[in-house]
Amino acid sequence: MAGLAPTFGRGAMTNHWVDIKNADVILIMGGNAAEAHPCGFKWVTEAKEHNGAYFMVVDPRFNRSASVADYYAPIRSGTDITFLGGVINYLLSNDKIHKEYVHNYTDFSFVVRDDFEFVDGIYSGYNEETRTYDKTSWDYERGADGYAVVDPTLQHPRCVYQLLKKHYSRYTPEMVERICGTPREKFLHVAEKLASTAVPGRAATIMYALGWTQHSIGAQMLRTGAMMQLLLGNIGVAGGGMNALRGHSNIQGLTDLGLLSASLPGYLSLPREHEQDYAGYIAARAHKPLRPGQVSYWQNYSKFHVSLMKAWYGKNATAENNWGYDYLPKLDKEYDMLQYFQLMNEGKVNGYLAQGFNPLAALSDKNRVRNGLSKLKFLVVMDPLATDTSEFWKNHGEFNDVDEKAIQTEVFRLPTTCFAEDEGEIVSSSRVLQWHWKAAEPPGQARTDIHIMSELFLRMRELYRKEGGAYPDPILHLDWPYAQQHEATAQETAMELNGRALVDLTDPKDPGKVLRKAGQQISGFGELRDDGSTACGCWIFAGSWTEEGNMMARRDNSDPTGIGNTLNWAWAWPANRRVLYNRASCDPQGRPFNPHRQLVHWNGRRWTGADVPDFVATSAPEAGAGPFIMNAEGVARFFSRKLLNEGPFPEHYEPFDTPLGYNPLHPNNPKATSSPAARVFTPIWETFGKPEEFPHVGTTYRLTEHFHYWTRHTVLNSISQPEQFVEIGEALAASIGVKAGDRVRVSSKRGYIKAVAVVTKRIKAMQIDGKTIHHVGIPIHWGFKGVAKPGFIANTLTPFVGDGNTNTPEFKTFLVKVEKI
Ligand SMILES: Nc1nc2c(c(=O)[nH]1)N[C@H]1C(S)=C(S)[C@@H](COP(=O)(O)OP(=O)(O)OC[C@H]3O[C@@H](n4cnc5c(=O)[nH]c(N)nc54)[C@H](O)[C@@H]3O)O[C@H]1N2
Ligand SMILES: Nc1nc2c(c(=O)[nH]1)N[C@H]1C(S)=C(S)[C@@H](COP(=O)(O)OP(=O)(O)OC[C@H]3O[C@@H](n4cnc5c(=O)[nH]c(N)nc54)[C@H](O)[C@@H]3O)O[C@H]1N2
Ligand SMILES: [Mo]
């Protein structure tokens, strides 16, 4: 039993919202910030007005962001790796790269093992049966000294630079046009504008969201964008970066706190089934430096992990029991949403707790989700509202056509408060933790989520105490130090996340000197230890609530340098740093590449400036430590080694519902048509559509006037967008005899919806490898529960397949057929 509101897109901003004003070039690709992030979007306007920034949008639709952009280029949904790979090829072949940056701060010179291969779309080590890779060969060659071999001349045929150049040489402007449908001259225009930032002193930012993440190759799309930014020297500089615009308020906090099935707080990870041994678990994560003199900060993993276990288990986490390592589950497989609903469909799940999550509306393939829920014994919905999910069993006519008597699932609704009736910290996309205060008392029987979870815990613990069970220790040994047992306060949990000293912490070099008294809050993760003397619920939040008080409640927006960092406004993880990797904004000698937009610099004795240095503050440039201190290499990676599941360099694969039926890069290798390592469940291959039956490309998205599925409960929102519609281009409308306002039926291999047709110039037909392809735009917001006019759930249409790394469903590209009713 499990299930919290999931995070569908991951990451964070390397920079932050205000910093967008420092950009010279802005690319919104895979997002629509004007519509979905209208407040943050104002920084794009600032950059245009005050910085003369050039703003481009690449999207299948001429969306609201495009309507105020300097330039718009269309792209077929699901093909961004080809487009960005094309830009990489353009930059490399036209010598438009930031050489000093790339040569010093990336893995260009690292030599890859000689058994590494890429043959017709498949990397070495592929197992067709399990659809996974043995990644052994995806690594660097090691020298006799144990370090990775490098060739600073970049001549070695297997150095990353040479492999990268070869890999993307296939991504020509012609190939971009064939796969993406972007006319060659439009692609080249975007590439040229981006290339203008390859010089020191100019920066481009990328703002992206679900148009990149919600694909079977989503994580690799982001990586391709990041690689492009590295070539341009745009990571770690003001006005640059990879900026993931997050979704729900505090979804950043959800990821930071590790509320994902395989995560622990602070991007630590749960052990796998084969990791029964504690020392091995730590060793696999505390990466040794791959080059001499590198920081490789994850070497501190055990300090973060032990302090976390002390926060959770208190005195019950001891050196003797490996700090309670046996209390942690060891995962036998991924327990993402797709997996869970698949297990439900197979009748293997008894109960499900949906907390602030409406899976019937939000997850792909609604009929499969409903079928799964129907097989549960019980469903608990913790929500302020009655949702589509809490009424999945109820017949709502064509919108939810079920046989009520056939469903035996018992449904419990536990009414919760919402954010305005609660206090605590909210983490924004900028990684800024801002404290917010309660504004109103909750109505009726509503309780805070913490109250409900606390009560559930206390009662379960009581049952374990009375009845025992197979292994009650992880529950019985949990520390529960809160003043009111049934409801920890937001202050208590926030202080726990920051961490504190459990005994007097003395200076290792001078044992007589007490650095931090027992019981005091620590001021940063540098104080954490792995001997059980510190407790910390989330190491990256260390510094948010110190002995000086609640840093997240600070509201001083002074900005002495004008760069927008406002270091005294609330608090950002890590260490109140506003731009990640900011050491890379300076040349190897420590001089800013852009003297007019300085983040940090070396003053001869230490690193200082407008931001908190992302570096050991006293580490002299001569020491030669690279700026990417979390990587064992010390530099950024083009070759991702074993990190991602599809391979070390992103490659274009077709969506699972592909309008072509083949991959133009590998037309004769069906294994490489769609991602060889995506999340598919073997019994459901037949649920993917074919272009002969479903010729149009569907994509789903948001409207400013609604927030997902719950503003349908609000009268004003429901008036401003009163009825479900789909958007189709004029050419498609003409070819199927539909006029604006007609009702249409949109069907996919999974089901159908009916809606009003909006006929628009904003979606144009595309030429894809000689075929005419039409997109169909489907807003996500409708369903049957609420005060609005009921509608169909858009996810009736979407496929049950996920990204090979994050398991995020492929919501953004699938095949449909539009017909006039
Ligand atoms: N008003 C409002 N604001 C919201 C939300 C809401 O429901 N309502 N939801 C919030 C949440 S949780 C999230 S996660 C964010 C999401 O924020 P966004 O990701 O910006 O929102 P979407 O509308 O889902 O999709 C963005 C764009 O991706 C495009 N797109 C689709 N496929 C592709 C592709 O393959 N390539 C490219 N380049 N573009 C593609 C779509 O046409 C659309 O314009 O918004 C947040 N903000
Ligand atoms: N086809 C398609 N599907 C998508 C997407 C897409 O672009 N296309 N986007 C996906 C994305 S990014 C997201 S984030 C999801 C959104 O999917 P959901 O997160 O399921 O959508 P919401 O309607 O925001 O549902 C959240 C629920 O939380 C409740 N709630 C609000 N405040 C509180 C609180 O304090 N406590 C509790 N317990 N509940 C509360 C609300 O009443 C609401 O019912 O949809 C996903 N599904
Ligand atoms: Mo989201």
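In what follows, the structure referred to is the one given above.
Residues numbered from 1 in each chain as written. Chains lettered and ligands numbered in written order. Predicted model: local features only at pLDDT ≥ 70, side-chain atom pairs only at ≥ 80, totals over all residues. Heavy atoms only, no water.

A. Broad picture of the site of ligand 2. Taken together, the neighbourhood of ligand 2 is formed by 29 residues, with Asn358, Ala362, Asp383, Asp449 and Asn795 sitting nearest. A distance of 2.7 Å separates a nitrogen atom of ligand 2 from a polar backbone atom of Ala362. In the environment of ligand 2, a nitrogen atom lies 3.4 Å from a nitrogen or oxygen atom belonging to the side chain of Thr416. Burial of ligand 2 by the surrounding chains reaches 91%, relative to a free accessible area of 920 Å². (Near = heavy atom within 4 Å. Polar contact = N/O pair within 3.5 Å; in protein donor to acceptor, adjacent residues only side chain to side chain. Areas by Shrake-Rupley, 256 points an atom, 1.4 Å probe, with all protein chains shown as cover.)

B. A look at the nonpolar core. Within the largest apolar cluster, 80 residues are counted, with the highest numbers of intra-cluster contacts made by Phe83, Phe108, Leu194, Phe638 and Phe649. Here this core takes eight residues from helix H3 (residues 80-93), the largest share from any one element. Discounting residues that sit within four places of it in the chain, Phe108 has contacts with Leu92, Ile97, Val102, His103, Leu154, Cys159, Val160, Tyr161, Leu164, Leu231 and Phe638. Membership of the second largest hydrophobic core comes to 49 residues, among which are Ile282, Tyr301, Tyr325 and Leu528. (Core = buried A, V, L, I, M, F, W, Y, C linked by side-chain atoms within 4.5 Å. Buried < 20%, exposed > 50% of the residue type's maximum accessible area, 1.4 Å probe, protein only. Helix = DSSP H or I, 4+ residues; strand = E, 2+ residues; numbered from the N terminus. Contact = heavy atoms within 4.5 Å.)

C. Structural context of the packing of aromatic side chains. Evaluation of the coordinates by the stated rule reveals 50 aromatic pairs. On the numbers, 6.5 Å between centres and 75 degrees between planes, the contact of Tyr168 with Phe649 is edge-to-face. With a gap of 481 residues between them, Tyr168 in helix H5 (residues 160-168) and Phe649 in the loop between strand E25 (607-609) and strand E26 (696-701) connect regions that are remote in the sequence. Following the ring pairs from residue to residue traces out a cluster consisting of Phe110, Phe116, Phe118, Tyr123, Tyr126, Tyr133, Trp138, Tyr140, Tyr168, Tyr171, Phe639 and Phe649. Above the ring of Phe800, the side-chain terminus of Arg368 is found at 5.3 Å from the ring centroid. (Phe/Tyr/Trp six-rings, centres within 6.5 Å; stacked < 30°, edge-to-face > 60°. Lys NZ or Arg CZ within 6 Å of the ring centre and 35° of its normal.)

D. Representation of the sheet that holds strand E23 (residues 571-572). The sheet built from three strands is open, its strands ordered E15-E16-E23 with antiparallel pairing. Each having just a single partner strand, strand E15 (424-427) and E23 make up the two edges of the open sheet. The pairing of strand E16 (residues 432-436) with E23 spans two bridges and is classified as antiparallel. Following the sheet pairing, Leu433 is matched in E23 by Trp571. (Pairing = 2+ DSSP bridges.)

E. How the structure looks around the pairing of E26. Counting buried residues in E26 gives six out of six residues, a clear majority hidden from the surface. In E26, alternate side chains face the same way, and those of His696, Gly698 and Thr700 on one face and Val697, Thr699 and Tyr701 on the other are all buried. Here E26 runs beside strand E33 (residues 814-820); their pairing, made up of three bridges, is antiparallel. Bridging across to E33, Gly698 finds its partner in Phe814. In terms of strand pairing, E26 meets strand E32 (residues 775-779) through five bridges, oriented parallel. Paired with Gly698 across the two strands is Val776, which belongs to E32.

F. Region of interest: unusual backbone geometry. Omega for the bond connecting Trp573 with Pro574 falls within 30 degrees of zero, at -10 degrees, which places this linkage in the cis form. Here Pro574 is to be found in the loop between E23 and strand E24 (600-602). Here the phi dihedral of Asn322 falls at roughly 50 degrees; this positive angle occurs in a residue that is not glycine. Within the secondary structure layout, Asn322 lies in the loop between helix H12 (301-313) and helix H13 (337-345). Residue classification places Asn322 among the partly exposed positions, given a relative accessible area of 35%. Its identity as a non-glycine residue notwithstanding, Asp769 has a phi of 45 degrees, on the positive side. If you trace the backbone, Asp769 turns up in the loop between strand E30 (766-768) and strand E31 (771-773). Using a relative accessible area of 24% as the deciding quantity, one classes Asp769 as partly exposed.

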